[in-house]
Protein chains: 2
Amino acid sequence: MNIGEAAKASGISRKMIRYYEEIALLEPGRTANGYRVYAPQDIHTLRFISAARRLGFSVPDVKALLALWQDRSRSSADVKRLTDGHLRHLRARVAELNAMIATLETLAGACDGDERPDCPIINRIASTAEPDPA
Amino acid sequence: MNIGEAAKASGISRKMIRYYEEIALLEPGRTANGYRVYAPQDIHTLRFISAARRLGFSVPDVKALLALWQDRSRSSADVKRLTDGHLRHLRARVAELNAMIATLETLAGACDGDERPDCPIINRIASTAEPDPA
DNA sequence: CTTGACCCTCCCATGGTGGTAAGGTTCACG
DNA sequence: CGTGAACCTTACCACCATGGGAGGGTCAAG
């Protein structure tokens, strides 16, 4: 299986497949002329990577997950620990984004959105930016 | 005002202040020996940038906001349009993250987290990754 | 005059992803 | 058998933000 077919089979671009190899997430074989060859197990690994990425795991986390996956003597506690850390990260990010959304919704709701220059959104950003009264 | 003082006054690192200058968000003066000099207006601009970044606006968006801020004949509709676009982006991102969180919470909830290898989290990622039955 | 605290520019790294250029290979069709 | 398309290879560059560091200039206080 060539890299092009592997890309189709895994839904990962050729570029990213080469990148994942570069950072040692997988190690496909090579033909005599240097072409990468993907065995079914490599495709499975690529799809594992893709699934983990879709769950938002960082590439280093994916690397750790792959190692755990391939380690038959892993403890599920390790997987759970990694997942819980990732969940904390995701929840923190969502909280940040929700705070931004709340502020922006308030401001946008107060903005007339007409042809006049007066705008609470930009006023708010500018006033937050005013020099310290100190 | 030197870059160090500007950094303290704006809460933006020296590195980023130079970067913002490089991408033409501001243009401080220079002393004879090449040191950057920040006027009060520059500090205000830096703080504007910081406030907009904290609201999650991308640097290109911040550039547009700065231009609108400095344009006394702007229409508030332009500001609102930009903000609404940003809001859509934020909401979409939150929805993605929430979907990941929901899946991961379910899986983590079903994972014993003990010393045994069996783990629904990794099983799920691996089975999502199985070859197409096709 | 030395020392320490600044400042300068230039390069490198990250995390993921895309592009592109210059070259080699393989295959099917004529 | 030749040739062109469709692959493959490596090696760069880009993005967005941000941080680090090297190597060197400047300035003020002691």
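By the naming in an unreviewed UniProt entry, chain A goes by Cu(I)-responsive transcriptional regulator and is assigned to Alkalicaulis satelles. According to its UniProt record, chain A has this under Subcellular location (unreviewed entry): "Cytoplasm".

**Student:** Break down the protein's contact with DNA strand D for me, with residues and values.
**Tutor:** For DNA strand D, the set of nearby residues contains 21 residues, the closest of which are Gly4 and Arg36 of chain A together with Lys15, Asn33 and Tyr35 of chain B. At 2.9 Å, a side-chain N or O of arginine 14 of chain A approaches a phosphate oxygen of DNA strand D. Between DNA strand D and the protein, one listed contact pairs a phosphate oxygen with a side-chain N or O atom of arginine 36 of chain A at 2.8 Å. Put simply, the parts of the chain that give the surface near DNA strand D at least two residues each are α1 (3–10) and α2 (14–22) of chain A together with α2 (14–22) and α4 (59–70) of chain B. For the surface near DNA strand D, the element with the highest residue contribution is α2 of chain B, accounting for 4 residues.

**Student:** Now, about the protein's contact with DNA strand C: what can you tell me, with residues and values included?
**Tutor:** Surveying the vicinity of DNA strand C reveals 21 residues, the closest of which are Lys15, Asn33 and Tyr35 of chain A together with Gly4 and Arg36 of chain B. In the interface set of DNA strand C, defined as its atoms within 4 Å of the protein, sugar plus phosphate atoms amount to 71%. Tyrosine 20 of chain A is positioned with one of its side-chain polar atoms (N or O) 3.0 Å from a phosphate oxygen of DNA strand C. Arginine 14 of chain B is positioned with one of its side-chain polar atoms (N or O) 2.8 Å from a phosphate oxygen of DNA strand C. Put simply, the parts of the chain that give the surface near DNA strand C at least two residues each are α2 and α4 (59–70) of chain A together with α1 (3–10) and α2 of chain B. In terms of residues, the surface near DNA strand C owes the most to one element, α2 of chain A, which gives 4 residues. Taken together, the residues of the surface near DNA strand C break down into 8 nonpolar, 6 polar and 7 charged.

**Student:** Give a detailed account of unusual backbone geometry, specifying residues and quantitative values.
**Tutor:** All names here are of chain A. Of note, alanine 24 is a non-glycine position whose phi angle comes to about 65°, a positive value. Within the secondary structure, alanine 24 is located in the loop between α2 and β1 (29–30). Looking at alanine 24, the relative accessible area reads 54%, which means it is exposed.

**Student:** If you had to explain the relation of the copies chain A and chain B to someone new, which residues and values would you point to?
**Tutor:** Its rotation angle being 180°, the transformation that places chain A on chain B also includes 0.0 Å of axial translation and leaves an RMSD of 0.0 Å. Those values place the two copies in the arrangement expected of a two-fold rotation axis. Taking the C-alpha atom as reference, chain A places valine 94 of chain A closest to the rotation axis, 2.9 Å from it. Looking at the interface residues of chain A, 100% of them are also at the interface in chain B, so both copies use one shared face.

**Student:** Outline the UniProt feature "domain: HTH merR-type" (unreviewed entry) in chain A, listing residues and values.
**Tutor:** Mapped onto this structure's residue numbering, the UniProt feature "domain: HTH merR-type" (unreviewed entry) falls at residues 1–68 of chain A. For residues 1–68 of chain A, the helix share is 62%, the strand share is 6%, and the end-to-end C-alpha distance is 26 Å.

**Student:** Residue-level account of the pattern of salt bridges, with values.
**Tutor:** What the rule picks out here adds up to 14 salt bridges over all chains. Note that arginine 91 of chain B and glutamate 105 of chain A form a salt bridge whose closest N and O atoms lie 3.1 Å from each other. With arginine 91 of chain B in helix α5 (residues 76–110) and glutamate 105 of chain A in helix α5 (residues 76–110), this pair bridges two chains. Owing to a relative accessible area of 38%, arginine 91 of chain B belongs among the partly exposed residues under this scheme. Here glutamate 21 of chain B and arginine 36 of chain B are joined by a salt bridge, their closest N and O atoms 2.5 Å apart. With glutamate 21 of chain B in helix α2 and arginine 36 of chain B in strand β2 (residues 36–37), this pair connects stretches of sequence that are 15 residues apart. Connected through salt bridges with shared partners, the residues Glu21, Arg30 and Arg36 of chain A form a single ionic network.

**Student:** Please provide a residue-by-residue account of the packing of α1 of chain A against helix α3 (residues 40–54) of chain A, values included.
**Tutor:** All names here are of chain A. Orientation of α1 relative to α3, taken along the N-to-C sense of each, is 45°, at an axis distance of 9 Å. Taken as axis vectors, α1 and α3 run oblique relative to one another. The two elements α1 and α3 cross, and the hand of that crossing is right-handed. Where α1 abuts α3, its residues Ala6, Ala9 and Ser10 lie against Ile43, Leu46, Arg47 and Ser50. A per-class count over the contact of α1 with α3 returns 4 nonpolar, 2 polar and 1 charged.

Calculation notes
Residues numbered from 1 in each chain as written. Chains lettered and ligands numbered in written order. Predicted model: local features only at pLDDT ≥ 70, side-chain atom pairs only at ≥ 80, totals over all residues. Heavy atoms only, no water. UniProt positions renumbered as here; feature names shortened; annotations may be inferred. Near = heavy atom within 4 Å. Polar contact = N/O pair within 3.5 Å; in protein donor to acceptor, adjacent residues only side chain to side chain. Helix = DSSP H or I, 4+ residues; strand = E, 2+ residues; numbered from the N terminus. Nonpolar A, V, L, I, M, F, W, Y, C, P; charged D, E, K, R; others polar. Buried < 20%, exposed > 50% of the residue type's maximum accessible area, 1.4 Å probe, protein only. Least-squares fit on C-alpha atoms with pLDDT ≥ 70 in both. Contact = heavy atoms within 4.5 Å. Salt bridge = Lys/Arg side-chain N within 4 Å of Asp/Glu carboxyl O. Axes fitted to C-alpha atoms, helices over the stretch in contact; angles between N-to-C directions. Parallel < 35°, antiparallel > 145°, perpendicular 65-115°, else oblique. Left-handed = near helix turned anticlockwise from the far one by under 90°.

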